[in-house]
Amino acid sequence: MSENLARQFLIREDVVFLNHGSFGACPRPVFETYQHWQLELERQPVEFLGRALTENMRLPRTALATELGTTPENIVGLTNATTGLNIVAQSLDLKPGDQILTTDHEYSALEKTWAYVCRRTGAEIVVVNIPLPLETEAQFTDAVVAGMTDRTRVLFLSHITSPTALLFPIERAIAEARKRGIWSVIDGAHTPGHIPLQLDALGADFYAGNCHKWMMAPKGSAFLHARPEVQGLLNPLVISHGWTAQSRDAGAKGAFGNSPFIDEIEVQGTRDPAPWLTIPTALDYRRDNDWVSVQAHCQALAQDTARRLGVLTGLEPLSAPQFCAPQMVAMPLPECNTEQLKIDLIERYNIEMPVFKWQDRCIARLSVQGYNGKAQMDLLISALTDLLGLEADLAVRATQAEGAA
Ligand SMILES: Cc1ncc(COP(=O)(O)O)c(C=O)c1O
C-alpha cells in the first residue's frame, strides 16, 4: 500500500522522511490544485483578491466546518495555528495577578506568546506538571483542575503535544474551565486530519488548528475557531480593510459581507489564499484514498516501531496507547547526545526525524504517514541500534535478568 502512496507524494525518494509532524507533506493531486489557484491569482490579481475572494472562500470554509463539526461562521482562515493563538492571547483582557494555566508539554513558540502577554499585562503563567507515563484520563484532568484557582482566567492546552506526541484527553478540563468562567484556549496544531475532531461538541472557547500538517493541505492553511459567544472578544493582529468600527452584535455584517469576526481577522493586507482554497481537494483526496484505513495502518506501524525500540532500550513508553497521538510517537532513548544523533541519522542514513532533549529525557519523535513503509521502520531500528549501541545494552540487561532469576 505505502509504495503506491509514496509515489503520490513529492517527498524526495532518497530521504526516509519520518517527520510529517513538523510541517506536513502534500500529495501530488492536492499540490496541483494549489498551483492551479496560484496561477489563477497571478492571471487576474484584481479579480482574484478583490471581487472573487469572498465567494471563493465560501466553499473551503463550508467544507472545513462540515469536516470539523461546526458552522462556517465560527471559522476564520489563517496562515498558521501560531497566528490564531496569538490573536486570542493578545486579545483577551488580562490584568496583573490574573493566571494563565497551562502544562509543561506545550510548544515553545506558544510558551513565548504567553510570556509576552504576561509581560505586557502583568498576568502570570501557572504550569502544571502532567506526570509520565500518562495512563489514565483522571491523571490528566486531576492535575489540570488542581491548578485552577479563583485567579485563573485562561486554560491553555495542546490537544496533541509537540515534544511528547501525547493526545491529551482535554474534554473534561474544558468543561471544568467553562463551569468556573475560565476561557479555554486549545492548541490543535496537530489534530485536524489526525483525529476525529468535532469542534462545537468539544466546546472550547477558542481552538486553533493547522490543515497543512495531517490534513495534508498546502502550507499556510490554518484556522481559528471561536464560539459565537466569545468572537466579539477578539481583535485582529493586523488592522486592514476588513476592520470596521461597527459592533460585533449577532447578525452584524463585516466589510466584505461575512461576519465582522471573519472579515476583520481574515483580511490582513495582500496575501495568498491558495493554500486555503485547496482544503476541499485535500479532504477529497483523503476520502478517495480511504485515509481512515491508511491511518489505522500508520498507527499500527508507529506503535510497533516504538515497541521494538522499547525492547532494545528497556525504556517504558511515555503513555498508555490511547493517549499517544495516532500517527506520531515520542520514543524515549537512553542518555545520549541528541543533537549528534539527529545529525548522524540524516548524514549516515538519510533519516529525517526530530531527536531532542525534553526535561530530563532524550526523545526521538517518529511520525508515520501514508508514504512511509515497514522497510523504513526496519532501517530506523537498525540505525538507532547501531548509533546508540543498543545491542550491547540488550545483552547487559539479559545478563542482569539472568542474574536476578
Ligand atoms: C503543538 C504545536 N503547536 C503549534 C505549532 C505551530 O504550528 P504553526 O507553525 O503551523 O503555527 C506546532 C508546530 O509543530 C505544534 O507542534
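Residues numbered from 1 in each chain as written. Predicted model: local features only at pLDDT ≥ 70, side-chain atom pairs only at ≥ 80, totals over all residues. Heavy atoms only, no water.

## Focus on the site of the ligand
Near the ligand lie 14 residues; those nearest to it are Thr-82, Asp-187, His-190, Asn-210 and Lys-213. Here a nitrogen atom of the ligand sits 2.6 Å away from a polar atom, N or O, in the side chain of Asp-187. Contacts to the ligand include Asn-210, whose side-chain N or O atom sits 2.9 Å from an oxygen atom. For the ligand, whose unbound accessible area comes to 390 Å², protein coverage reaches 89%. The residue inventory of the shell around the ligand, partitioned by class, reads five nonpolar, seven polar and two charged. (Near = heavy atom within 4 Å. Polar contact = N/O pair within 3.5 Å; in protein donor to acceptor, adjacent residues only side chain to side chain. Areas by Shrake-Rupley, 256 points an atom, 1.4 Å probe, with all protein chains shown as cover. Nonpolar A, V, L, I, M, F, W, Y, C, P; charged D, E, K, R; others polar.)

## Examining the domain arrangement of the chain
The assigned domain composition of the chain is domain 1 (2-27 + 290-404) and domain 2 (28-285). Taking the mean C-alpha position of each, domain 1 and domain 2 sit 29 Å from one another. Facing 37 residues of domain 1, the contacting portion of domain 2 comprises 33 residues. Between domain 1 and domain 2 the total buried area reaches about 2800 Å² when both faces are included, carbon and sulfur atoms providing 60% of it. It is Pro-27, Phe-323 and Trp-358 in domain 1 that bury the most area against domain 2; as a group they hold 24% of the surface buried on that side. There are zero salt bridges connecting domain 1 and domain 2. For the side of domain 1 that touches domain 2, the secondary structure elements donating two or more residues are helix H1 (2-7), helix H2 (20-23), helix H15 (291-313), strand S9 (328-333), strand S11 (355-358) and strand S12 (361-367). For the side of domain 1 that touches domain 2, a count of residues per class yields 22 nonpolar, 12 polar and three charged. (Domains from an automatic or database assignment. Contact = heavy atoms within 4.5 Å. Buried area = accessible area lost by both parts, 1.4 Å probe. Salt bridge = Lys/Arg side-chain N within 4 Å of Asp/Glu carboxyl O. Helix = DSSP H or I, 4+ residues; strand = E, 2+ residues; numbered from the N terminus.)

## What about the pattern of salt bridges?
For the coordinates displayed, the defined rule picks out 21 salt bridges. The partner of Arg-287 in a salt bridge is Glu-67, with the nearest N and O atoms 3.2 Å apart. With Arg-287 in helix H14 (residues 279-288) and Glu-67 in helix H5 (residues 53-67), this pair connects stretches of sequence that are 220 residues apart. We classify Arg-287 as exposed; its relative accessible area is 53%. Among the salt bridges present, the one from Asp-98 reaches Lys-95, with a minimum N-O distance of 3.7 Å. Lys-95 sits in the partly exposed class, given a relative accessible area of 44%. Taken together, the shared-partner salt bridges in this structure form one network comprising Glu-67, Asp-284 and Arg-287. (Buried < 20%, exposed > 50% of the residue type's maximum accessible area, 1.4 Å probe, protein only.)

## Points about the sheet that holds strand S7 (residues 206-210)
Hydrogen bonds between backbone atoms are what pair the strands of a sheet, whose relative direction is either parallel or antiparallel. The sheet built from seven strands is open, its strands ordered S2-S8-S7-S6-S5-S3-S4 with mixed pairing. Two strands lie at the open edges of the sheet, namely strand S2 (75-78) and strand S4 (124-128), each paired on one side alone. In this sheet, neighbouring strand axes are inclined to one another by 20 degrees on average, regardless of whether the strands run parallel or antiparallel. Note that strand S6 (residues 183-188) and S7 share four bridges and pair parallel. Residue pairing in the sheet places Val-185 in a bridge with Phe-206 of S7. Its contacts with the sheet put helix H8 (residues 137-146) on strand S3 (99-103), S4 and strand S5 (152-158), and the angle it makes with S5 is roughly 150 degrees. (Pairing = 2+ DSSP bridges. Axes fitted to C-alpha atoms, helices over the stretch in contact; angles between N-to-C directions.)

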